[in-house]
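Fold and geometry: a report
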Amino acid sequence: MIKKIKKVINDLRVYLENDGGDMEYVDYDKKSKILKIKVKGACVGCVNFDDTFENGIKQIILEKLSFVKEVEFI
């Protein structure tokens, strides 16, 4: 499960890195099915990040990882 999560995150990192941002896996709680990801670089404080997260990254993660029910960025 964790391997699958990390692969999806790594595949998506490319899009954030193009704009100076990044993200990394922090934790996945199997009980609550919540995935926690840390944002880094230009993503921190970016005015467009909420939109990028809600309408892009989060949706892709939820589609590719059916066992994840929620994604939290810290």
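**A closer look at the nonpolar core**
Counting residues in each nonpolar core, the largest one holds 19 residues, and the members touching the most others are Met23, Leu35, Ile37, Ile57, Ile61, Val71 and Phe73. Taken together, the elements giving at least two residues each to this core come down to α1 (2–17), β1 (21–29), β2 (34–41), α2 (49–64) and β3 (70–73). Among the elements that make up this core, the one with the highest residue count is α1 (five residues). What Ile57 contacts, discounting residues up to four positions off in sequence, is Leu12, Leu16, Met23, Thr52 and Phe73.

**Some points on the environment of Lys69**
With respect to the helices and strands, the residue Lys69 is situated in the loop between α2 and β3. Sequence separation between Lys69 and Lys38 is 31 residues, and the spatial gap between their C-alpha atoms is 17 Å. Residue contacts for Lys69: discarding those within four places in its chain leaves Lys33 and Leu62. A distance of 3.3 Å separates the side chain of Lys69 from the backbone oxygen of Ser66, its partner in a polar contact.

**Considerations on the pattern of salt bridges**
Using the criterion set out here, one finds six salt bridges in the structure. For Asp11, the salt bridge identified is with Lys7, shortest N-O distance 3.0 Å. With Asp11 and Lys7 both in helix α1 and four residues apart, this pair spans about one turn of that helix. What emerges from the salt-bridge pattern is a single network uniting Arg13, Glu17 and Asp22.

Definitions and limits used
Residues numbered from 1 in each chain as written. Predicted model: local features only at pLDDT ≥ 70, side-chain atom pairs only at ≥ 80, totals over all residues. Heavy atoms only, no water. Core = buried A, V, L, I, M, F, W, Y, C linked by side-chain atoms within 4.5 Å. Buried < 20%, exposed > 50% of the residue type's maximum accessible area, 1.4 Å probe, protein only. Helix = DSSP H or I, 4+ residues; strand = E, 2+ residues; numbered from the N terminus. Contact = heavy atoms within 4.5 Å. Polar contact = N/O pair within 3.5 Å; in protein donor to acceptor, adjacent residues only side chain to side chain. Salt bridge = Lys/Arg side-chain N within 4 Å of Asp/Glu carboxyl O.

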